[in-house]
Amino acid sequence: GAGVSQSPRYKVAKRGQDVALRCDPISGHVSLFWYQQALGQGPEFLTYFQNEAQLDKSGLPSDRFFAERPEGSVSTLKIQRTQQEDSAVYLCASTGSGRMNTGELFFGEGSRLTVL
Amino acid sequence: KQEVTQIPAALSVPEGENLVLNCSFTDSAIYNLQWFRQDPGKGLTSLLLIQSSQREQTSGRLNASLDKSSGRSTLYIAASQPGDSATYLCAVRFTGGGNKLTFGTGTQLKVEL
């Protein structure tokens with residue numbers, strides 16, 4: 001696609017529910033990142049994929065958070081047993097590869113999660 | 001710890017004024033630095049990317065500089081317009097930090113008529 005696409009744009013969950021957030025990166029981009037942005041803060045790194053391999057998950061806040069990218073394109077961030085502190089905007093970003101890649105990151109519009 | 005700081009947190013200026021946003025980072029070993037714009041309720045729009053070997057980048061009314069040795073970058077906006085009102089975020093890819101970007105908390109800019 002022309003840009004990074006995320007869905008749903010808005011999600012309201014009751015505490016304890018599981019949620020799944022989807023990211024469709026720019027076509028051909030091998031690197032995919034997930035970030036969490038709390039209100040009034042900068043984005044915080046969650047996890048990084050290169051193709052289907054999850055190379056860095058050091059930012060995932062707990063074992064309730066799980067991300068996958070099974071075919072190296074679309075990625076899903078899953079949050080189990082949601083808590084109120086999980087309320088945030090979840091941003092997905094992608095970047096290309098190869099000698100001509102500048103490393104510039106392109107972000108989607110984000111998925112705003114509200115846990116009641 | 002590798003950190004990015006942005007000052008000021010908020011800024012209000014009259015239309016037409018030139019302004020400078022500041023970004024500082026704790027480790028001079030970086031791959032690149034990227035400036036983003038974020039409108040309320042929206043994602044991040046990339047403005048400028050500066051590689052570690054570069055001193056500045058320009059796009060239209062925007063100019064970003066990089067001084068690695070002092071751990072600083074500035075974003076200069078010329079002839080500000082109300083449409084420039086947004087939050088501006090600075091992000092650094094540190095060497096040895098993997099491929100992730102480390103973000104500052106942003107500067108919220110309001111350009112008034």
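One can find the structure itself at the top, above this paragraph.
1. A short note on the overall build of chain A
Consideration 1: Scanning chain A for helices and strands turns up zero helices and eleven strands.
Consideration 2: Along chain A, helices (α) and strands (β) appear in the sequence β-β-β-β-β-β-β-β-β-β-β when read from the amino end.
Consideration 3: Taking 2.2 N^0.38 as the reference for a compact globule, 116 residues should give roughly 13 Å; the C-alpha atoms of chain A span a radius of gyration of 14 Å, in line with that estimate.
Consideration 4: Along the first, second and third principal axes, the C-alpha set of chain A runs to 45 × 25 × 25 Å.
Consideration 5: The proportion of buried residues among the 116 residues of chain A is 47%.
Consideration 6: Taking the intrachain contacts of chain A between residues at least 6 apart in sequence as the baseline, contacts between residues at least 24 apart amount to 53%.
Consideration 7: Total accessible area on chain A stands at roughly 6000 Å², and carbon and sulfur atoms take up 47% of it.
Consideration 8: Across chain A, the centroid of the 12 positively charged side chains sits 5 Å from that of the 12 negatively charged ones.

2. Remarks on the layout of surface pockets
Consideration 1: Taken as a whole, the largest pocket holds about 630 Å³ of empty space.
Consideration 2: Forming the walls of the largest pocket are 34 residues, and the residues nearest its centre are L39(A), G40(A), Q38(B), P40(B) and G41(B).
Consideration 3: Of all the elements in the fold, those that place two or more residues in the lining of the largest pocket are β9 (88-95) and β11 (111-115) of chain A together with β2 (10-14), β9 (86-94) and β11 (107-112) of chain B.
Consideration 4: Classifying every residue of the lining of the largest pocket gives 13 nonpolar, 15 polar and six charged.
Consideration 5: The volume enclosed by the second largest pocket comes to roughly 420 Å³.
Consideration 6: Lining the second largest pocket are 20 residues, and of these E44(A), K1(B), Q2(B), T102(B) and F103(B) lie nearest its centre.

3. With respect to the interface of chain B and chain A
Reports often express the size of an interface as the amount of accessible area lost when the parts come together.
Consideration 1: Facing 18 residues of chain B, the contacting portion of chain A comprises 20 residues.
Consideration 2: Approximately 1500 Å² of surface area, both sides summed, lies buried where chain B meets chain A, with 51% of it carried by carbon and sulfur atoms.
Consideration 3: In this structure, E109(A) engages K42(B) in a salt bridge whose closest nitrogen and oxygen atoms are separated by 3.8 Å.
Consideration 4: If you look at where chain B meets chain A, you find six residue pairs in polar contact (both at pLDDT 80 or more).
Consideration 5: Among the residues making up the side of chain B that touches chain A, the classes are represented as six nonpolar, ten polar and two charged.

4. Here's the deal with the state of the cysteines
Consideration 1: Scanning all chains against the criterion turns up two disulfides over all chains.
Consideration 2: At a sulfur-sulfur separation of 1.9 Å, the disulfide partner of C23(A) is C92(A). Where C23(A) bonds to C92(A) through sulfur, the torsion about that S-S bond is close to -70°, and the disulfide is left-handed. Residue C23(A) is found in strand β3 (residues 19-24), and its partner C92(A) is found in strand β9; the two are separated by 69 residues along the sequence. For the residue pair C23(A) and C92(A), the accessibility class agrees, reading buried in each case.
Consideration 3: Here C23(B) is linked by a disulfide to C90(B), with a sulfur-sulfur distance of 2.0 Å. In this structure, the disulfide formed by C23(B) and C90(B) twists by about -60° around the S-S bond and is classed as left-handed.

Reading the values: the criteria
- Residues numbered from 1 in each chain as written.
- Chains lettered and ligands numbered in written order.
- Predicted model: local features only at pLDDT ≥ 70, side-chain atom pairs only at ≥ 80, totals over all residues.
- Heavy atoms only, no water.
- Helix = DSSP H or I, 4+ residues; strand = E, 2+ residues; numbered from the N terminus.
- Rg over C-alpha atoms; globule rule 2.2 N^0.38 Å.
- Buried < 20%, exposed > 50% of the residue type's maximum accessible area, 1.4 Å probe, protein only.
- Contact = heavy atoms within 4.5 Å.
- Areas by Shrake-Rupley, 256 points an atom, 1.4 Å probe, with all protein chains shown as cover.
- Lys, Arg positive; Asp, Glu negative; His and termini not counted.
- Charge placed at Lys NZ, Arg CZ, Asp CG, Glu CD.
- 1 Å grid on protein atoms, 1.4 Å probe; cavity = no way out; pocket = protein on both sides within 12 Å on 5 of 7 lines; lining within 4 Å.
- Points joined across faces, edges and corners; volume = space filled by probe spheres on them.
- Nonpolar A, V, L, I, M, F, W, Y, C, P; charged D, E, K, R; others polar.
- Buried area = accessible area lost by both parts, 1.4 Å probe.
- Salt bridge = Lys/Arg side-chain N within 4 Å of Asp/Glu carboxyl O.
- Polar contact = N/O pair within 3.5 Å; in protein donor to acceptor, adjacent residues only side chain to side chain.
- Disulfide = S-S within 2.5 Å.

Everything listed here is a matter of coordinates, which is why it stays silent on function.
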